[in-house]
Amino acid sequence: MSIKKSILKPEEMAALVKLKLGGKKIMGQHKNDHIKNNENLLFCYDTLDKVSRSFAAVIRQLPEEISDVVCLFYLILRGLDSVEDDMDLSIEAKTLLLREFYTKNFEQGWSLSNVGDKQEYRDLLANYDKVIEAFLVLDEKYQKIITKICQKMGAGMADFVESKISTIEDYNLYCHYVAGLVGIGLSELFAASEIESMELETKDVLANSMGLFLQKTNIVRDYKEDLDENRIFWPEEVWNRYSPAFESFSLNPEKPESLSCLNHMVNDALSHATDCLDYLKLLTNDRAFRFCAIPQVMAIATLAEVYNNHKVFTENVKIRKGLAAKLILRSGSIEEVVKIYKKMAATISGKITNGLINSQRTIEIVENINNYCDLALSESYKPHEIA
Ligand code: MG
């Protein structure tokens with residue numbers, strides 16, 4: 001992300017400054033005493049800052065009773081993902097480790113050296129004993145949920161170690177394992193902590209969509225980065241319709257076939273957008289809402305940025321830092337989030353090119369999101385009925 005681009009956007013600069021000055025207050029507490037005085041938690045939060053700046057901020061602002069739980073949930077799954085992403089491990093070792101990873105959370109003193117494709121991931125796994133200690137003092141109800149999700153995700157990742165993502169069904173299943181399960185687990189953690197109602201636990205389809213929306217957005221945006229690392233997450237069933245070779249899009253980024261393929265992938269991701277709004281509507285805790293809403297608004301803004309944008313094939317396209325700051329400040333209520341979705345739908349609408357294969361489908365999806373938003377806004381502005 002570049003700050004320079006935002007200088008031309010005074011409104012966004014104001015949001016950046018405001019976020020910098022008031023960010024701690026808006027985004028909540030930093031380093032509470034219970035963290036400062038606990039060597040293991042201190043390591044966990046420091047590591048969280050290193051492995052994910054964006055999630056670290058939203059996790060820290062969660063209510064205290066659940067922020068440590070979510071921090072551990074995140075780090076454990078990040079550890080698992082570091083195993084999945086390490087291309088130097090043998091297939092046998094990786095598959096076994098992925099399937100057994102959830103049991104390691106109960107093995108005091110366990111750690112893993114030299115695994116992970118970035119230094120911060122290697123550090124996490126090399127000091128994993130600290131994560132285990134922090135995990136073992138969590139309430140048992142949280143340990144059970146985290147363990148169940150970790151087991152399912154590890155098994156799913158292992159299934160995909162040797163098989164590629166061929167069909168759209170594979171794509172949805174893979175995204176379910178690596179992201180949908182995160183949404184489902186978080187719903188269960190929120191319900192278990194009673195910061196949200198038990199009803200949330202039953203909304204697996206919507207929670208899954210929350211994860212898929214984020215994951216698919218990253219997969220579309222990261223075409224180039226993943227290609228450079230010899231990774232293909234776009235389903236062959238889709239890209240094969242536009243080119244016999246996945247890498248050809250990077251060689252001919254402006255060809256109609258390349259853009260059509262990209263737009264096909266964006267359309268697929270956008271199809272989860274209304275489910276995400278349905279999920280967000282269910283949340284009652286302000287901090288849980290912000291935690292869930294911020295990544296979602298970033299995702300739809302990213303989709304608006306990458307739609308029909310040939311640069312995706314040759315560089316790492318990201319939303320402007322100022323826009324990100326503005327979106328974070330505006331993600332406090334469902335009305336604001338619906339307005340952002342509506343605005344991003346309009347942005348995409350303005351980028352639709354006549355004559356491209358998937359343009360009609362985009363028109364339908366965007367119209368659907370827009371209608372959903374209009375209905376949600378008219379509902380939320382209805383005067384409250386007198387009981
Ligand atoms: Mg991975």
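Computed from a prediction, not measured in an experiment: that's the story for all the values here. (Residues numbered from 1 in each chain as written. Predicted model: local features only at pLDDT ≥ 70, side-chain atom pairs only at ≥ 80, totals over all residues. Heavy atoms only, no water.)

S.K.: Please clarify how the overall build of the protein should be interpreted in this entry.
M.R.: Helix and strand counts for the protein stand at 20 helices and zero strands. At a minimum sequence separation of 6, the contacts of the protein that also span at least 24 residues come to 75%. Carbon together with sulfur atoms contributes 51% to the accessible area of the protein, which is approximately 18,100 Å² in total. (Helix = DSSP H or I, 4+ residues; strand = E, 2+ residues; numbered from the N terminus. Contact = heavy atoms within 4.5 Å. Areas by Shrake-Rupley, 256 points an atom, 1.4 Å probe, with all protein chains shown as cover.)

S.K.: Quick question: what am I supposed to make of the packing of aromatic side chains here?
M.R.: The relation between two aromatic rings is expressed through the spacing of the ring centres and the mutual angle of the planes. Enumeration according to the criterion identifies 19 aromatic pairs in this entry. Judged by centre distance (5.3 Å) and plane angle (65°), the rings of Phe101 and Tyr128 are edge-to-face. Taken together, the positions of Phe101 in helix H6 (residues 91-104) and Tyr128 in helix H8 (residues 128-136) put the pair 27 residues apart, joining distant regions of the chain. Its relative accessible area of 0% is what places Tyr128 among the buried residues. When the centroid spacing of 5.2 Å and the interplanar angle of 70° are considered together, the rings of Phe160 and Tyr174 count as edge-to-face. Note that Phe160 is positioned in helix H9 (residues 140-161) and Tyr174 in helix H10 (residues 168-193), a separation of 14 residues in sequence. With respect to class, Phe160 is no different from Tyr174; both count as buried. Feature note: the residues Tyr223, Trp234, Trp239, Phe246, Phe249 and Phe313 constitute an aromatic cluster, connected by ring pairs. (Phe/Tyr/Trp six-rings, centres within 6.5 Å; stacked < 30°, edge-to-face > 60°. Buried < 20%, exposed > 50% of the residue type's maximum accessible area, 1.4 Å probe, protein only.)

S.K.: Explain the coordination of the magnesium ion to me, please; I cannot follow it from the model alone.
M.R.: Angles at a metal have ideal values that depend on geometry: 109.5 degrees with four tetrahedral donors, 90 or 180 degrees with six octahedral donors. At 2.1 to 2.3 Å from the magnesium ion lie its protein donor atoms, namely Asp81 (OD), Glu84 (OE) and Asp85 (OD). Sequence spacing among the residues donating to the magnesium ion works out to D-x2-E-D. Taken together, the residues span about one helical turn, with Asp81 and Asp85 both in helix H5 (residues 64-85) at a distance of four residues. This pair shows no difference in class: Asp81 is buried, exactly as Asp85 is. (Donors = N, O, S within 2.8 Å, 3.2 Å for Na, K, Ca; no water.)

S.K.: Looking at this model, I keep getting lost on the pattern of salt bridges. Mind explaining?
M.R.: Side chains that differ in charge, positive against negative, can pair when their charged atoms come close. If you walk through the whole model with that rule in mind, you get 16 salt bridges. Put simply, Lys342 and Asp374 hold a salt bridge, and the shortest N to O gap is 2.8 Å. Placement of the pair is Lys342 in helix H19 (residues 334-351) and Asp374 in helix H20 (residues 359-380), with a sequence separation of 32 residues. Residue classification places Asp374 among the partly exposed residues on the basis of a relative accessible area of 33%. Via salt bridges that share partners, Asp117, Glu229 and Arg231 belong to a single interconnected network. (Salt bridge = Lys/Arg side-chain N within 4 Å of Asp/Glu carboxyl O.)

S.K.: Teacher, can you tell me more about the layout of surface pockets here?
M.R.: Empty space among the atoms becomes apparent when a probe as large as a water molecule is rolled across them. Taken as a whole, the second largest pocket encloses approximately 520 Å³ of empty space. If you go around the second largest pocket, you meet 22 residues; those closest to its centre are Met87, Phe160, Val161, Arg231 and Phe233. Considering every element that reaches the lining of the second largest pocket, the biggest residue donor is H9, with three residues. Residue contributions to the lining of the second largest pocket reach at least three from each of two domains, namely domain 1 (1-28 + 165-387) and domain 2 (31-163). (1 Å grid on protein atoms, 1.4 Å probe; cavity = no way out; pocket = protein on both sides within 12 Å on 5 of 7 lines; lining within 4 Å. Points joined across faces, edges and corners; volume = space filled by probe spheres on them. Domains from an automatic or database assignment.)

S.K.: Hey, could you run me through H6 in this one?
M.R.: In an α-helix there are 3.6 residues to a turn, and that puts residues three or four apart on one side. Here H6 is 14 residues long and its end C-alpha atoms lie 19 Å apart, about the 20 Å a rise of 1.5 Å per residue gives. Along H6, the helix axis deviates most sharply at Leu98, where the bend reaches about 40°. Inspection of H6 places Lys94, Thr95, Leu97, Leu98, Phe101 and Lys104 among the buried residues, and these make up the whole buried set. Against the buried residues of H6 lie H5, helix H7 (119-126), H8 and H9. (Expected span 1.5 Å × (residues − 1). Bend = angle between axes of the 7 residues up to and from the residue.)

S.K.: Any chance you could explain the side chain of Glu196 here in plain terms?
M.R.: By the secondary structure assignment, Glu196 is in the loop between H10 and helix H11 (204-221). Buried charge without a partner: Glu196 forms no salt bridge, and the closest opposite charge is Arg287, 11 Å away. In terms of polar contacts, Glu196 uses its side chain to reach the backbone amide nitrogen of Asn285, at 2.8 Å. (Lys, Arg positive; Asp, Glu negative; His and termini not counted. Polar contact = N/O pair within 3.5 Å; in protein donor to acceptor, adjacent residues only side chain to side chain.)

By themselves these figures say nothing about function.
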